[in-house]
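Chains, contacts and geometry: an overview
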Amino acid sequence: MATFSMTSLNGKRIIVVGGSSGIGFGVAAAALESGAQVVIVGRSADKLKAAEQRLAGAGRVTGIAADMADEGDVARLFDAVGAFDHLVATAGTPPPNDPIGETDMHFVRQFVDGKLIGTVMLAKHAVRTLNKGGSITFTSGINKDRPPVPGGSVVSAIAGSFTYFARALALELAPTRVNIVSPGWVDTEMWDEIVGDAKAGYFDQMGARIPAGRVATPADVAPAYLYLMQSQFMTGETLHIDGGQRLV
Ligand SMILES: NC(=O)c1ccc[n+]([C@@H]2O[C@H](COP(=O)([O-])OP(=O)(O)OC[C@H]3O[C@@H](n4cnc5c(N)ncnc54)[C@H](OP(=O)(O)O)[C@@H]3O)[C@@H](O)[C@H]2O)c1
C-alpha cells in the first residue's frame, strides 16, 4: 500500500500558458522531466520556437501561439489541444507601477485584460476539455503581500483577486482542483525588461534580506506547480513560494 498519495505526471497532457519564458518555462521543463506531454503557449511564435528547442522535450513539447487576452485565441487554443489533464498559467506582462495620481488608465486596462480577464477566459474555455481528476493553477505574486510603494496598488489588487477567484472556482468546478502559486521575486526575462542592467543590484540587495539568502530561479518555484498538479487534496489554496520574502 502506498504511504503517500500523489498522482504521477507521466504521460499527462499539461498546458502551460506563459511557457515560452521565465516561470512558465521552468514549469514546462520540470513537467517534461516528469514524463508529461507539454503544450507551451505565448503570443510570440518565435519565442515559442526558441523555447521548444531549449526544452528539447524528446517530441513531448509543442508550442501554440495564442493571446490569452483574446477570447477567439483562447477558444482556438483549447479546440486545438483537445482533452488534457492540467492547466497552468504563468503568463503576464510588466505591471503598472505609477503612483495612483499618475495612473495611465489605458495601460491599466490593458494589464487587467491580459492578466485577470485573460485568466477568466482560460478557465471558461479550459473546462470544456479538462479531464476528470485534473487541475488548474494560476499565478499571483508577492506584490499583494509586500506592495511596492508608491505604485503597487493596481498589481496588488489584481494579484490579491486571484486568491478569491480560485476559492470560488474550486467549489464550482469540484472535483477539478483550482489553486494559485504566489512566488516572491524570480530571476526571469521580465526583470530584464523592467530594470535592465540594474537587475543584479536589486537581486543582491533582496537576496541579502530574505531568509533563503537569494532571489529564486524558475527551477526553484516550478516544484510548487508540480505539487499542486499532483496532490489530490490541494484545492482552493494559494501556495506561497518566496524564500521567506513575505517575512521581511
Ligand atoms: N518574475 C517574478 O519575480 C515574479 C514574481 C511574482 C509573480 N510573477 C508573475 O508571474 C508571471 C510570469 O512572470 P515571468 O517573470 O515568468 O515573466 P516572463 O519571463 O516575461 O514570461 C511571461 C510569459 O507569458 C507570456 N505572455 C505574456 N502575455 C501573454 C498573453 N497575453 N497571452 C499569452 N501569453 C502571454 C510570454 O510570452 P509572449 O510575450 O510571447 O506572449 C511569456 O511566455 C507574471 O504575471 C508575473 O507578474 C513574477
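Per chain, residue numbering runs from 1 following the sequence as it is written. Predicted model: local features are reported for residues with pLDDT of at least 70 only, side-chain atom pairs are reported and counted for 80 or more only, and whole-chain, interface and lining totals are derived from all residues. Based on all heavy atoms of the structure, the side-chain values leave hydrogens and waters out of the count.

Let's talk about empty space enclosed by the protein
Rule in force here: Only protein atoms enter the calculation, which uses a 1 Å grid: trapped sets of points that fit a 1.4 Å probe without letting it out are cavities, open sets showing protein on both sides within 12 Å along at least five of seven lines are pockets, and any residue with an atom within 4 Å of a point is a lining residue. Grid points are joined across faces, edges and corners, and a volume is the space filled by probe spheres set on the points. Gly falls in the polar group here, along with every residue not listed as nonpolar (Ala, Val, Leu, Ile, Met, Phe, Trp, Tyr, Cys, Pro) or charged (Asp, Glu, Lys, Arg).
Under the defined criterion, the tally for this structure stands at 1 cavity of 30 Å³ or more. As a volume, the largest cavity reaches approximately 30 Å³. Lining the largest cavity are P96, N97, D98, T103, D104 and F107. For the lining of the largest cavity, the class distribution of residues is 2 nonpolar, 2 polar and 2 charged.

Re the packing of aromatic side chains
So the rule is basically this: Aromatic rings from Phe, Tyr and Trp, taking only the six-membered ring of Trp, are treated as a pair when their centres fall within 6.5 Å; an angle between ring planes under 30 degrees marks them as stacked, one over 60 as edge-to-face, and anything in between as tilted. Each helix is a run of DSSP H or I of at least 4 residues and each strand a run of E of at least 2, with the numbering of both proceeding from the N terminus. Using a 1.4 Å probe on the protein chains alone, a residue whose accessible area is under 20% of its type maximum counts as buried, one over 50% counts as exposed, and one in between counts as partly exposed.
Inspection of every chain in the model, using the stated rule, returns 7 aromatic pairs. Ring geometry for W185 versus F203: centroids 6.1 Å apart, planes at 45 degrees, classification tilted. In this pair, W185 sits in the loop between β6 (177-183) and α6 (189-195) while F203 sits in helix α7 (residues 199-209), placing the two residues 18 residues apart along the sequence. F203 sits in the buried class, given a relative accessible area of 10%. Consider the rings of W191 and F203, whose centres lie 5.2 Å apart with planes at 75 degrees: the pair is edge-to-face. One end of the pair, W191, is in helix α6; the other, F203, is in helix α7, with 12 residues separating them in the sequence.

Quick notes on the site of the ligand
The condition that has to hold: When we say a residue is near a molecule or strand, we mean one of its heavy atoms is within 4 Å of it. Polar contact is defined as a pair of N or O atoms within 3.5 Å, subject to the rule that within protein one atom must be able to donate a hydrogen and the other to accept it, and that residues adjacent in sequence are counted only when both atoms are side-chain atoms. Surface accessibility follows the Shrake-Rupley procedure with a 1.4 Å probe radius. Residue values consider only the protein chains on display as shielding.
The full set close to the ligand counts 28 residues, and S20, S21, R43, K115 and T188 are the nearest of them. At a separation of 2.6 Å, an oxygen atom of the ligand approaches a polar side-chain atom of S21. The backbone of M68 places a nitrogen or oxygen atom 2.9 Å from a nitrogen atom of the ligand. Starting from 890 Å² of accessible surface for the ligand in isolation, the protein chains cover 91%. It is α6 that provides the largest number of residues to the shell around the ligand, a total of 3 residues. Taken together, the residues that form the shell around the ligand break down as 9 nonpolar, 14 polar and 5 charged.

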